[in-house]
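One-letter residues, chain by chain:
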Amino acid sequence: MIYLDNSATTKPHKEVLATFMQVNELYYANPASIHNAGVEANSLLAKAREQIAQLLNTVANNVLFTAGGTESNNFAFFGAAKKGNFRGKHIITTEIEHPSILEAAKRLEAEGYEIDYLKPDKNGVISLDELHEKLRKETILVSIMHVNNEMGAIQPIEEAAEMIHENSRAMFHVDAIQSFGKLPIAFNDEAGPDILSISGHKIHALKGSGVIAFRKKPMIEPFLVGGGQEFGLRSGTVAVPQAVALAKAARLAVEALPVQLEKYKKWSANLHEYFTQFGSEVLVLSPKNGAAHILSFSVRGLKGEILINALQKRDIIVSTSSACSSKQTKTSHVVEALNVDNRFKNGVLRLSFGAFTTETEIEQFKQAFTAVMKELKGENEQ
Amino acid sequence: MIFKEILVRYGELSTKGRNKKDFINRLRDNVRYSFNDIMPLKIRAERDRMFIVIENDEKFNVLMERLPHVFGIQSFSPVASCGKDLDEMKALALEILEDYRDVGDITFKVEVHRTDKAFPLNTHELQREMGATILPQFSNFSVQVKNPDVALRIEVREDAVYMMAQVIQGAGGMPVGSNGKSLLMLSGGIDSPVAGYLMMKRGVRIDAIHFFSPPYTSDNALQKVKELANGLTKFGANVRLIVIPFTELQVAVKDNVPDNMTMTSTRRMMMKVADKVREEVGALGIVTGESLGQVASQTLESLTAINDVTSTPILRPLIAADKLDIIKIAKEIGTYETSIQPFEDCCTVFTPASPKTKPRLDKVQHFESFTQFDELIERAVKNRETYIFPQKEVKEDKFADLL
């Protein structure tokens, strides 16, 4: 099977699974317990936290473990909004965020918050001028995703961070779920976003693990209350094996980043070039300077599902624009926001690469896709 | 890695003459203790400066992080070197100054020291030549001769050319050990490590004593105290930790002294034990983390009753400090996180419901007089265990494969 749906989820690394198993076998005690086994589990957890903090250029106390990307995003959005609402109720985000931000925004709107949605240009990139215009005294939160999960547009996070910090007191949250381990992220005491969301299963760790990291001291209202774990900000017994597995996967991802990035860039350029041979029949949605590990394209007049099935017959797994919205019948909000031509709206496919993707697989995809196009356009009829 | 060594300045020593040599040797040993984990270090101690050789990036980073904590160092500078060739010198100077490019407008000067008189350019010529090369490259630099923000110091010596730009403030004070030795009562709480730190800053070498009451207190509590003792070594000295088996004495107090006075009596026993140990290890004073009014045992009346057992100087550097200020120091010196780990210690196991905050000495003495505590004290002192820090952390490796 050629798996090209790594933005939906990734296959866990063998080493990461081994870590997960070993931690479950050896350090299963509750890290909050004061007996020796608990203390051991806690010191392992502390090491994992420390490792992630180092990879992110922050300190251990600024890293909280969550149950995944959606929780991290929800937590950041609601938590920062609640914490800051004595100063104002204005929030800025974009039209192309993941539903875990957009749905959270809707809910806050119903509670009386005022939300501005930035509109991306045809490359999926927001305008810093528009962001600047919309920032005001009452703005308490700006939430922008780093890399769009459906088409790979990269937002100018560093410039946005600088602008936000210079012109407002708003917290800046960045959904880095599709970018962590794929692109360098400027995040340190002096510069960068205030809050980052990271998900484990997008970087070959396990599903059900995530991180919310802070540049400085966590300033956020807790969401889960109870035993006071995670510095009182996220109660609930910490899933130590998931956390340690995530720390390991994060290290592997960051270490491999320079090498992987070169590969992704090469394949992405190769595929951009490849698709030109279909002329006006295929529209590549991903911008050429977008994230190299995501490539979205659309075939005129053909439904995405039909293409997925046809490729699947050839043992190639791709997805429609996003796994989260692929079961819905309406057009993706990202595609809508990009003003894609109607004839292309329903045929959007996404290829996304991961640590296990090989050059041969890219070639095999190209052959299969060429064959599928012929078949579906009736050229192969006997 | 452009830096080859770190130059350490002792500064103006208050101890001159023959003591100076002791001072320097002490400081060199202390530097070795503080960097036990990145040994071996090549250190060359000269009459008025010390050089630590930088072998790799990792050592350099650790040195830069921890040298500011080592007492007895006035300032230090990373030093780069190159051959006695003008082009090489120019290239090196630009490389060193690269760090100052993005820091806004700064004032700058070149300082030249030429001990190799055979070098073709004299001091002024070299100064002008280097200045003329550097200034056009950095738009944010302007020359100022008095008190510039950055001074690039170039030393032309016999063997090579040495350059430095950064002067980092040290912790000052005296090398630990140059002012005698005291015994620190180390409980595992927030205060006592801070008290130890403040004494070390005055050049006092520290041995620590800890009272251990198994099974009422756990190995984790002891482990925590070991970590604290180890943590204090980064200020430039080894620390001996003496662990006293205290259960027997503590139970005897509980069984023989009225409930509301056990606290006072327990502290008196601790002080007696500590004083005996102090004598055996050759320390001159006892250091405690007591701070007036913090808990029942820290009222003037309590301190009087506890102090009664000895005439040894009891040094209490925190006696007038506010808790919040103590916490602030604990955080700065990195002991806070360890101190707040929640393990029962011997001071809290048998805490009575309402300890007397104003115990009367005669009464305490009266109740203690029915029991042969001296024998128990002898035994506790005899059965002590001693650990020497810095100790390499072995615990960490266990998790290395998992992460």
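Use the structure listed above.
Below, the structure is looked at part by part. (Residues numbered from 1 in each chain as written. Chains lettered and ligands numbered in written order. Predicted model: local features only at pLDDT ≥ 70, side-chain atom pairs only at ≥ 80, totals over all residues. Heavy atoms only, no water.)

Description of the overall build of chain B
Piece 1. Counting its secondary structure elements, chain B contains 14 helices and 15 strands.
Piece 2. Overall, the C-alpha framework of chain B stretches about 90 × 55 × 35 Å when taken along its three principal axes.
Piece 3. Out of the 403 residues belonging to chain B, those deemed buried represent 51%.
Piece 4. Expressed as a percentage of contacts within chain B between residues at least 6 apart in sequence, the contacts between residues at least 24 apart total 80%.
Piece 5. Summed over all atoms, the accessible surface of chain B reaches about 19100 Å², with 48% contributed by carbon and sulfur. (Helix = DSSP H or I, 4+ residues; strand = E, 2+ residues; numbered from the N terminus. Buried < 20%, exposed > 50% of the residue type's maximum accessible area, 1.4 Å probe, protein only. Contact = heavy atoms within 4.5 Å. Areas by Shrake-Rupley, 256 points an atom, 1.4 Å probe, with all protein chains shown as cover.)

Brief notes about the side chain of Arg234 of chain A
Residue and element names in this part refer to chain A.
Piece 1. When you line up the elements, Arg234 lands in the loop between strand S8 (210–214) and helix H7 (240–275).
Piece 2. Owing to a relative accessible area of 14%, Arg234 belongs among the buried residues under this scheme.
Piece 3. One polar contact links Arg234 to Glu71, side chain to side chain, over a distance of 2.6 Å.
Piece 4. Contacts of Arg234, omitting those with residues within four sequence positions, involve Phe65, Thr66, Ala67, Glu71, Phe75, Leu224 and Gln229. (Polar contact = N/O pair within 3.5 Å; in protein donor to acceptor, adjacent residues only side chain to side chain.)

Section: the interface of chain A and chain B
Piece 1. Every contact between the two is made by 19 residues of chain A and, on the other side, 11 residues of chain B.
Piece 2. Together chain A and chain B conceal approximately 1300 Å² of surface at their shared face, both sides included; 55% is due to carbon and sulfur atoms.
Piece 3. The three residues of chain A that bury the most area against chain B are Tyr27, Ile34 and Lys47 of chain A, which together make up 34% of that side's buried surface.
Piece 4. Glu40 of chain A is the partner of Lys398 of chain B in a salt bridge, and the nearest nitrogen-oxygen pair spans 2.5 Å.
Piece 5. Contributing elements (two or more residues each) for the side of chain A that touches chain B: helix H1 (14–26), helix H2 (36–55) and H7 of chain A.
Piece 6. Of the residues forming the side of chain A that touches chain B, the biggest block, 8 residues, is contributed by H2 of chain A.
Piece 7. For the side of chain A that touches chain B, a count of residues per class yields 8 nonpolar, 7 polar and 4 charged. (Buried area = accessible area lost by both parts, 1.4 Å probe. Salt bridge = Lys/Arg side-chain N within 4 Å of Asp/Glu carboxyl O. Nonpolar A, V, L, I, M, F, W, Y, C, P; charged D, E, K, R; others polar.)

Some points on a nonpolar patch on the surface
Piece 1. On the surface, Leu292, Leu300 and Ile319 of chain B cluster together into a nonpolar patch covering about 260 Å² of accessible area.
Piece 2. Its location among the elements puts Leu300 of chain B in helix H9 (residues 300–307). (Patch = residues over 30% accessible without salt bridge, like charges linked within 9 Å, V, L, I, M, F, W, Y side chains within 5 Å.)

Comments concerning the sheet that holds strand S9 (residues 282–284) of chain A
Note on sheets: strands pair through backbone hydrogen bonds, and any given pair is parallel or antiparallel.
All names here are of chain A.
Piece 1. As summarised here, the arrangement of the 4 strands in space is S9-S10-S13-S12, forming an open sheet in which the pairing is antiparallel. Since the sheet does not close on itself, it has two edges, and those belong to S9 and strand S12 (319–320), each with one partner.
Piece 2. Where S9 and strand S10 (residues 294–299) come together, 3 bridges link them in antiparallel fashion. Paired with Leu283 across the two strands is Ser298, which belongs to S10.
Piece 3. Against the sheet, helix H8 (residues 304–313) touches S10, S12 and strand S13 (348–352), its axis set at about 45° to S13. (Pairing = 2+ DSSP bridges. Axes fitted to C-alpha atoms, helices over the stretch in contact; angles between N-to-C directions.)

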